[in-house]
Amino acid sequence: MADEWKECMDHCLEVTKEAGKMIRAALQKDIAIMQKSSPVDLVTETDQKVEQLIISSIKEKYPTHSFIGEESVAAGAPSILTDNPTWIIDPIDGTTNFVHRFPFVSVSIGFAVKKEIEFGIVYSCIEDKMYTARKGNGAFCDGVPIKVSGQEDITKSLVLTEMGFKKDPEHFKTMMANIKTILSIPVHGIRSPGSAAVNMCLVACGAADAYYHMGIHCWDMAAGAAIIREAGGVITDISGGPFDLMSRRLIIASSRTIAEHIASKMTVFPCGRDDLED
Ligand code: IPD
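Residues numbered from 1 in each chain as written. Predicted model: local features only at pLDDT ≥ 70, side-chain atom pairs only at ≥ 80, totals over all residues. Heavy atoms only, no water.

**Q** Would you take a moment to explain a nonpolar patch on the surface for this structure?
**A** A cluster of nonpolar side chains, namely Met163, Phe172 and Met176, defines an oily patch on the protein surface of about 270 Å² accessible area. Its place among the elements puts Phe172 in helix α5 (residues 169-183). Of the residues examined, Phe172 reaches a relative accessible area of 32% and is grouped as partly exposed. (Patch = residues over 30% accessible without salt bridge, like charges linked within 9 Å, V, L, I, M, F, W, Y side chains within 5 Å. Areas by Shrake-Rupley, 256 points an atom, 1.4 Å probe, with all protein chains shown as cover. Salt bridge = Lys/Arg side-chain N within 4 Å of Asp/Glu carboxyl O. Helix = DSSP H or I, 4+ residues; strand = E, 2+ residues; numbered from the N terminus. Buried < 20%, exposed > 50% of the residue type's maximum accessible area, 1.4 Å probe, protein only.)

If you want it as structure tokens, here you go:
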């Protein structure tokens, strides 16, 4: 049977490459930094320009499709996932890395139909690594199949999470306490590469065994969710329950045992939903 969404995925791949080129070119120039919700929530002109490039290119080809893009939402667009084919876009995932030229900066595009993610593409554009996954067809890095480590023993695992001081000191305290709890299991180590989408790909290709995060967004997770599932990994809510793309939290892991272990150790703080106003 012909793949109904193949043409969309092919187009996504092309536009993602273009976006990556634009980001690499911007790294050669001065980067003007602006603040969004807090002094550590950054945005640049490049984030906005890359998102415009992606959305205008896709809109021209698929005018009836819907979009949820990080910078459009920041500018007031709705962030509601409907049954309509929807492109979920983070033009630069790892903006802080981008402004520091720290080399994990990605373009992340997930495509959902009837709220199911059909494919995901993450382009780690400084490393020049293209991660792709189509539902039911496996996950790839630069065309080569990837899979999770399969590690079941958390004491032998490398765990990823992100640290950021947003607005709430209580959240910050809980986040640091969670890191201490995970390190004390013990695990081999914790790393924070600084791009949620890259983190998901690192677990998908077996370079790390788990990643957990509270407070991210659907555009950070949509593409990576397709990639981790197709690489044989597990994706759950931070509580261990079913993953919800709009819930702003997740655990991904190389095995269910590790995902459940992390869920059992987490102190959860409320982080809102992408589809509700704060
Ligand atoms: C950020 C990155 C980072 C995570 C932040 C995200 P952005 O995305 O994924 O790893 O810690 O929570 O907001 O803002 O650079 O697209």
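**Q** Please clarify how helix α1 (residues 6-26) should be interpreted in this entry.
**A** In an α-helix there are 3.6 residues to a turn, and that puts residues three or four apart on one side. If you check α1, its first and last C-alpha atoms are 30 Å apart, about what 21 residues at 1.5 Å a residue would give, namely 30 Å. Among all positions in α1, only Cys8, Met9, His11, Cys12, Val15, Thr16, Ala19, Gly20, Ile23 and Ala26 are buried. Tucked inside the fold, the buried residues of α1 contact α2 (45-61), β4 (86-93), α4 (95-100), β5 (106-113), β6 (116-124) and β7 (129-134). (Expected span 1.5 Å × (residues − 1). Contact = heavy atoms within 4.5 Å.)

**Q** What exactly am I supposed to notice about the nonpolar core here?
**A** One recurring pattern in soluble globular proteins: nonpolar side chains tend to sit buried together. Within the largest apolar cluster, 40 residues are counted, with the highest numbers of intra-cluster contacts made by Ile88, Tyr211, Ile227, Ile235, Leu245, Leu250 and Ile252. Breaking this core down by element, the ones donating at least two residues are β6, β7, β8 (139-141), α6 (196-204), α7 (218-230) and β14 (249-253). In this structure, Leu245 is in contact with Leu81, Ile88, Ile117, Cys218, Met221, Ala222 and Asp274, ignoring residues within four places of it in sequence. Trp5, Cys12, Ile54 and Ile121 belong to the second largest nonpolar core, which has 32 residues in total. (Core = buried A, V, L, I, M, F, W, Y, C linked by side-chain atoms within 4.5 Å.)

**Q** Explanation requested: the sheet that holds strand β3 (residues 66-69) in the structure shown.
**A** Adjacent strands of a sheet pair through backbone hydrogen bonds, lying either parallel or antiparallel. Spatially, seven strands are ordered β3-β4-β5-β6-β7-β8-β9 in an open sheet, and the strand pairing comes out mixed. Across the chains shown, the open sheet's two edge strands, defined by having one partner strand only, are β3 and β9 (144-145). In terms of strand pairing, β4 meets β5 through six bridges, oriented antiparallel. Across the sheet, the residue bridging to Ile89 is Ile109, located in β5. Relative to the sheet, α1 contacts β4, β5, β6 and β7, its axis offset from that of β6 by approximately 30°. (Pairing = 2+ DSSP bridges. Axes fitted to C-alpha atoms, helices over the stretch in contact; angles between N-to-C directions.)

**Q** Honestly, unusual backbone geometry in this entry has me stumped. Any pointers?
**A** Negative phi characterises most residues that are not glycine, and trans characterises most peptide bonds. Each neighbour pair has its own omega, and for Ile185 with Pro186 the value is 0°, a cis peptide bond. Looking at the element boundaries, Pro186 is found in the loop between α5 and β11 (189-191). Unusually for a residue other than glycine, Asp128 sits at a positive phi of about 60°. Secondary-structure assignment places Asp128 in the loop between β6 and β7. For Asp128, a relative accessible area of 47% corresponds to the partly exposed category.

**Q** Honestly, the site of the ligand in this entry has me stumped. Any pointers?
**A** Near the ligand you find 14 residues, and of these Glu70, Asp90, Asp93, Gly94 and Thr95 are the closest. One nitrogen or oxygen atom from the side chain of Glu70 is found 2.9 Å from an oxygen atom belonging to the ligand. With respect to the ligand, the backbone of Ile92 contributes an N or O atom lying 3.0 Å from an oxygen atom. Taking 370 Å² as the accessible area of the ligand by itself, protein coverage stands at 86%. For the shell around the ligand, the leading source of residues is β4, giving three residues. Residues of the shell around the ligand, tallied by class, amount to three nonpolar, five polar and six charged. (Near = heavy atom within 4 Å. Polar contact = N/O pair within 3.5 Å; in protein donor to acceptor, adjacent residues only side chain to side chain. Nonpolar A, V, L, I, M, F, W, Y, C, P; charged D, E, K, R; others polar.)

**Q** What am I meant to see in the packing of α6 against α7 here?
**A** A pair of packed helices can be characterised by two numbers: the angle between their axes and the separation between those axes. At a minimum axis distance of 8 Å, the contact between α6 and α7 shows a crossing angle of 10°. One element, α6, and the other, α7, form an angle in the roughly parallel class. Contact residues: α6 offers Ala196, Ala197, Met200, Cys201, Val203 and Ala204, while α7 offers Asp220, Met221, Gly224, Ala225, Ile227 and Ile228. Taken together, the residues of the contact of α6 with α7 break down into ten nonpolar, one polar and one charged. (Parallel < 35°, antiparallel > 145°, perpendicular 65-115°, else oblique.)

**Q** Just to check I follow, could you spell out the sheet that holds strand β12 (residues 210-214) for this structure?
**A** Overall, mixed pairing links the five strands, which are arranged β11-β10-β12-β14-β13 in an open sheet. Whereas interior strands pair on both sides, the edge strands pair on one side only; in this sheet they are β11 and β13 (234-236). The sheet shows a mean angle of 20° between the axes of neighbouring strands, direction not considered. Inspection of the sheet shows β12 paired to β14 by five bridges, in the antiparallel sense. Residue Ala210 lies in a different strand from β14, and its bridge partner there is Ala253.

**Q** I tried to follow the packing of aromatic side chains on my own but got confused; where do I start?
**A** All told, the structure shown has six aromatic pairs when counted by the stated rule. Taken together, the ring pairs connect Trp5, Tyr62, Trp87, Phe111 and Phe119 into an aromatic cluster. (Phe/Tyr/Trp six-rings, centres within 6.5 Å; stacked < 30°, edge-to-face > 60°.)

Note that all results are geometric; they support no functional claim without further evidence.
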